[in-house]
Structures are given as C-alpha cells and as structure tokens.
Amino acid sequence: MTVLVCVGSSCHLKGSYDIIELMKAAIAAHHLEDKVTLKATFCLGKCAISGVCIKVDDDIITGVTKNNFEEVFKTNILDKLNY
C-alpha cells in the first residue's frame, strides 16, 4: 500500500508535516513498515477542502487533521489491510 501526503502550499499550511509525523508513528506502532510506503507529494487537486489531503493507493482522502487522524488511519489503512 502506498500513502501519499500532500505537502503543497495549502496542505502545508493546514499541517501536512504533522500528519506525516503521525503517519510515521502509526505505521511503526502497528509494525506496518513492510506493508505501507509513505511518501510526500505535491498537490492532489483538492485544495479548497479543509484539512490535509492524502492518497491511499487510488483513493484521495480530504480533510485529514490531527483530531481525526486516528479514525482516518483506521478506516483507510488498517481496515484495508485487515488489521
């Protein structure tokens, strides 16, 4: 599974680097380093929506924040990996 976190101007201002750090920690905590590839990317084309944009394989998830990160991670990563 590939997870891309937008680091473009808009998402950067909305906290994309915080999301990257949360993502790294969650991947490590669940021992998913061999199953999840985390990368930064530039604009995913959803800048008007609040929060950070991420792309999990072919799905774009918008509005990711520190407050909803755990649910986003569970729904879009753990559940898809059947954890």
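The structure we're discussing is the one just above.
The following paragraphs examine the structure supplied in this document. (Residues numbered from 1 in each chain as written. Predicted model: local features only at pLDDT ≥ 70, side-chain atom pairs only at ≥ 80, totals over all residues. Heavy atoms only, no water.)

**Things to note about the environment of Ile77**
Next, step 1: Position of Ile77 among the secondary structure elements: in helix α3 (residues 69–78).
Next, step 2: Of the residues examined, Ile77 reaches a relative accessible area of 1% and is grouped as buried.
Next, step 3: Between the alpha carbons of Ile77 and Ile27 there is a distance of 9.4 Å; along the sequence they are 50 residues apart.
Next, step 4: When near neighbours in sequence (up to four residues on either side) are disregarded, Ile77 contacts Met1, Val3, Met23, Leu32, Val36, Val56 and Val72. (Helix = DSSP H or I, 4+ residues; strand = E, 2+ residues; numbered from the N terminus. Buried < 20%, exposed > 50% of the residue type's maximum accessible area, 1.4 Å probe, protein only. Contact = heavy atoms within 4.5 Å.)

**Examining the side chain of Asn76**
Next, step 1: Looking at where Asn76 falls in the secondary structure, it is placed in helix α3.
Next, step 2: Judged by relative accessible area, Asn76 falls into the buried class, the value being 14%.
Next, step 3: Contact partners of Asn76, with chain neighbours within four places excluded, come to Met1, Val56 and Ile61.

**Some remarks on helix α2 (residues 16–29)**
Next, step 1: The first and last C-alpha atoms of α2 sit 20 Å apart over 14 residues, in line with the 20 Å expected at 1.5 Å per residue.
Next, step 2: When α2 is considered as a whole, its buried residues turn out to be Ser16, Ile19, Ile20, Met23, Ala26 and Ile27. The buried residues of α2 occupy an angular sector of 130 degrees when the element is viewed end-on, so they sit on one face.
Next, step 3: The secondary structure elements touched by the buried residues of α2 are β1 (2–6), α1 (9–13), β2 (37–41), β3 (52–56), β4 (59–64) and α3.
Next, step 4: The positive-phi residue at the C-terminal boundary of α2 is His31, with phi of around 55 degrees. (Expected span 1.5 Å × (residues − 1). Arc of directions from axis to C-beta.)

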